[in-house]
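# Commentary on secondary and tertiary structure
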Amino acid sequence: MIDVTVTEDTSDDARARRNVARLAAAQALTGANSAVIFATGAIVGVTIAPNIGLATVPISMYVVGLAAGTLPTGAISRRYGRRAAFLIGTGCGVVTGVLGCLAILRGSFVLFCLATFLGGLYGAVAQSYRFAAADGASAAFRPKAVSWVMAGGIFAGLLGPQLVQWTMDVWQPYLFAFSYLIQAAVALIAMGIVAGVDLPKPAAADLHGGRPLSEIVRQPRFIAAALCGTIAYPVMNLVMTSAPLAMQMCGLTVSDSNFGLQWHIVAMYGPSFFTGSLIARFGAPTIVAIGLVLEAVAAVIGLSGLTAMHFWATLVALGVGWNFGFVGASALVLETHTTAERNKVQAFNDFLIFGLMALGSFSSGQLLANFGWSAVNLVVFPPVLLGLCVLALVWSSKRRAAAAG
């Protein structure tokens, strides 16, 4: 682990805990943004897209927004502070809801894709909440801070799909139009919450201090952490993106898919109440490995049947696997950089994750339309196996080096 100074070890965890509470609340509200888009994106897309093969493009544009927003978020945070980035991100969330509503009312596929892209920018900023929670915290508290902020997403699992369920029919025949307008209001509330976050101001060293990024990313530990993150999140996204449309193709209802997505999001964020403690007890590599295995288990369930229960079980196992894999990988990333290096390293890590997600997301609609739900699940196994192998190699090498030392 990167050595920390006495100042860092004795930092004000009371302030960090206050920030965690605000960031967890913001994470919960931001989750409504992604939940609305994932619950409705493919269904709206199949209604207004030129052909069914483009139905998941709006969700893919959300993922492109995630990738496109990561590096600018890091740059803005370095120069102006994380709070400035947070306010810009929530502003994008407000515009997302307004444009999404207009796109549905006008039947504009292009405008709807622009709305979901801006939703991705909002999501990219929100991804930095977990790292921001560790700013100014002691080394012992950092994994818990990351985990607790992620736990805020459990409320999104309840709020997002229910928001869709309550509002989708308000402006008939424009399905989901009012849902996006409410999502804009939720983003506005999130803006007020992040405005009160009390984070350390950027230091001059944060702009140019630390090792070059090229040196940091060549560390075996960073390679393993980033690789596991780029497997855990994109694999989850591939299956989750396809699931609502696959359920519709199997004759299940929108309510069935909303229920499955709701419990998927609860499964994604609910374990965060104790993931940090598990990492502290068993180590991040072990928790990451368990997460990747659970994603493979989800694919096995998906291959075993096409009932609503099979889809729901797949989504729940997928959510828990994502939580362990992604939170664990995020904790590993925190071990690879110093304070001065944090913004550029964290932003680059997220860029890798969401850049790969963007590539995979564009193929998910074609994969589902041309080869079916089984093919979507079969794609899960090779990357999971690769991640487990790299993780085992890097940490067994680290243990041998420690023993030899």
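Residues numbered from 1 in each chain as written. Predicted model: local features only at pLDDT ≥ 70, side-chain atom pairs only at ≥ 80, totals over all residues. Heavy atoms only, no water.

## Some words on the overall build of the chain
As a reminder, the rule being used: Runs of H or I in DSSP of at least four residues are treated as helices and runs of E of at least two as strands, each being numbered from the N terminus. Note on method: radius of gyration uses C-alpha positions; expected globular size equals 2.2 Å times residues raised to 0.38. Only protein chains enter the accessibility calculation, which uses a 1.4 Å probe; a residue whose area is less than 20% of its type maximum is buried, one above 50% is exposed, and one in between is partly exposed. Whether two residues touch is decided by their heavy atoms; if any such pair falls within 4.5 Å, the residues are in contact.
From N to C terminus, the chain includes 19 helices and 0 strands. On C-alpha atoms alone, the chain measures out to a radius of gyration of 20 Å, which is about the 22 Å that the 2.2 N^0.38 rule sets for 405 residues. Counting only C-alpha atoms, the chain reaches 65 × 45 × 35 Å along its principal axes. Within the chain, the fraction of its 405 residues that count as buried is 58%. By sequence separation, contacts in the chain at least 24 residues apart represent 86% of the contacts at least 6 residues apart.

## As for the confidence of the model for the chain
Our working rule: By definition, pLDDT measures how confident the predictor is in each residue, and it falls between 0 and 100.
Per-residue confidence for the chain gives a mean pLDDT of 84; residues scoring 70 or more make up 92%. Confidence, expressed as mean pLDDT per element, reaches its minimum in the chain at helix H1 (residues 6-9) with 42 and its maximum at helix H15 (residues 284-303) with 95. Considering only residues more than four positions removed or in separate chains, one finds that residues 1-11, a stretch of pLDDT under 50, has 21 contacts.

## Observations concerning empty space enclosed by the protein
Spelled out, the test is: Method remark: on a 1 Å grid restricted to protein atoms, a set of points is classed as a cavity if a 1.4 Å probe fits but cannot get out and as a pocket if it is open with protein on both sides within 12 Å along at least five of seven lines; lining residues have an atom within 4 Å of a point. Grid points are joined across faces, edges and corners, and a volume is the space filled by probe spheres set on the points. The classification used treats Ala, Val, Leu, Ile, Met, Phe, Trp, Tyr, Cys and Pro as nonpolar, Asp, Glu, Lys and Arg as charged, and all other residues, Gly among them, as polar.
Applying the stated criterion across every chain, the model contains 2 cavities of 30 Å³ or more. Along the wall of the largest cavity there are 20 residues; nearest its centre are Ser-34, Phe-38, Tyr-62, Tyr-233 and Tyr-269. Elements with a contribution of two residues or more to the lining of the largest cavity: helix H2 (13-48), helix H3 (57-80), helix H5 (109-127), helix H12 (220-249) and helix H13 (254-269). Sorting elements by how many residues they give to the lining of the largest cavity places H2 first, with 6 residues. Of the residues in the lining of the largest cavity, the class split is 13 nonpolar, 7 polar and no charged.

## Describing the side chain of Asp-350
Examined against the element boundaries, Asp-350 turns out to sit in helix H17 (residues 342-371). Classification of Asp-350 by relative accessible area gives buried; the value is 4%. Those residues in contact with Asp-350 that sit more than four places away from it in its chain are Thr-70, Gln-127, Arg-130 and Phe-131.

## Things to note about the packing of H12 against helix H19 (residues 381-404)
The condition is simple: Working convention: axes come from line fits to C-alpha atoms, limited for helices to the stretch in contact. Angles between N-to-C directions cover 0 to 180 degrees. Reported orientations rely on four angle classes, namely roughly parallel under 35 degrees, roughly antiparallel over 145, roughly perpendicular from 65 to 115, and oblique for the rest. Crossings are sorted by hand: turned counterclockwise from the far helix by less than a right angle, the near helix makes the crossing left-handed, and turned clockwise it makes it right-handed.
Contact geometry of H12 with H19 gives a least axis separation of 9 Å together with a crossing angle of 155°. Comparing their axes, H19 and H12 come out roughly antiparallel. Judged by the twist between their axes, the crossing of H12 over H19 is left-handed. Touching Pro-220, Arg-221, Ala-224, Leu-227, Cys-228, Ile-231 and Val-235 of H12 are Pro-383, Val-384, Leu-386, Gly-387, Val-390, Leu-391, Val-394, Trp-395 and Lys-398, all from H19. Grouping the amino acids of the contact of H12 with H19 by side-chain chemistry returns 13 nonpolar, 1 polar and 2 charged.

## Overview of H15
Put simply, the rule reads: By definition here, a helix of n residues has an expected span of 1.5 Å times n minus one.
Over its 20 residues, H15 extends 29 Å from the first C-alpha to the last, a length consistent with the 28 Å expected when each residue adds 1.5 Å. Of all the positions in H15, only Ala-284, Pro-285, Ile-287, Val-288, Gly-291, Leu-292, Glu-295, Ala-296, Ala-298, Ala-299 and Gly-302 are classed as buried. On its buried side, H15 packs onto H12, helix H14 (272-282), helix H16 (308-334), helix H18 (373-378) and H19.

## Structural notes on H19
For the α-helix, the turn length of 3.6 residues means that residues three or four positions removed from each other point alike. Compared with the 34 Å implied by 1.5 Å per residue over 24 residues, the 35 Å span of H19 between its first and last C-alpha is a close match. Of the surrounding elements, those touching the buried residues of H19 are H12, H15 and H16.

## Structural notes on the packing of helix H4 (residues 82-106) against H5
For the pair H4 and H5, interaxial distance at closest approach is 8 Å and the crossing angle is 160°. With respect to their mutual orientation, H4 and H5 come out roughly antiparallel. The handedness of the crossing between H4 and H5 comes out as left-handed. Among the residues making up the contact of H4 with H5, the classes are represented as 16 nonpolar, 6 polar and no charged.

## Focus: the environment of Val-379
As for its placement among the helices and strands, Val-379 is situated in the loop between H18 and H19. If we ignore the near neighbours within four places in the chain, the residues touching Val-379 are Leu-238 and Leu-367.

## Focus: the pattern of salt bridges
Should their charged atoms come close, side chains of opposite charge can pair. Operational definition: The rule for a salt bridge is simple: a side-chain nitrogen of Lys or Arg has to be within 4 Å of a carboxyl oxygen of Asp or Glu.
Enumeration according to the criterion identifies 3 salt bridges in this entry. Notably, a salt bridge pairs Arg-15 with Asp-198, separated by 4.0 Å at the nearest N-O pair. Remark: Asp-198 occurs in the loop between helix H9 (177-194) and helix H10 (204-208) and Arg-15 occurs in helix H2; sequence separation between them is 183 residues. Judged by relative accessible area, Arg-15 falls into the partly exposed class, the value being 24%. A salt bridge links Arg-130 to Asp-350; its shortest N-O distance comes to 2.8 Å. With a gap of 220 residues between them, Arg-130 in helix H6 (residues 129-132) and Asp-350 in helix H17 connect regions that are remote in the sequence.

## Section: a nonpolar patch on the surface
Stated precisely, the cut-off is as follows: Only residues whose relative accessible area exceeds 30% and that form no salt bridge are eligible for patches; like-charged ones are grouped when within 9 Å, while nonpolar side chains (Val, Leu, Ile, Met, Phe, Trp, Tyr) are grouped when within 5 Å. Accessible areas in this description were obtained via Shrake-Rupley with a 1.4 Å probe; residue shielding takes into account the shown protein chains only.
Judged by side-chain polarity, Val-98, Leu-102, Leu-105, Val-170, Trp-171, Tyr-174 and Leu-181 come together as a nonpolar surface patch covering roughly 530 Å² of accessible area. If you trace the backbone, Leu-102 turns up in helix H4.

## Concerning unusual backbone geometry
Gln-172 connects to Pro-173 through a cis peptide bond whose omega is 5°. With respect to the helices and strands, the residue Pro-173 is situated in the loop between helix H8 (153-167) and H9. Located in the positive-phi region is Phe-176, a residue other than glycine, with phi close to 80°. For Phe-176, a relative accessible area of 1% gives the class buried.

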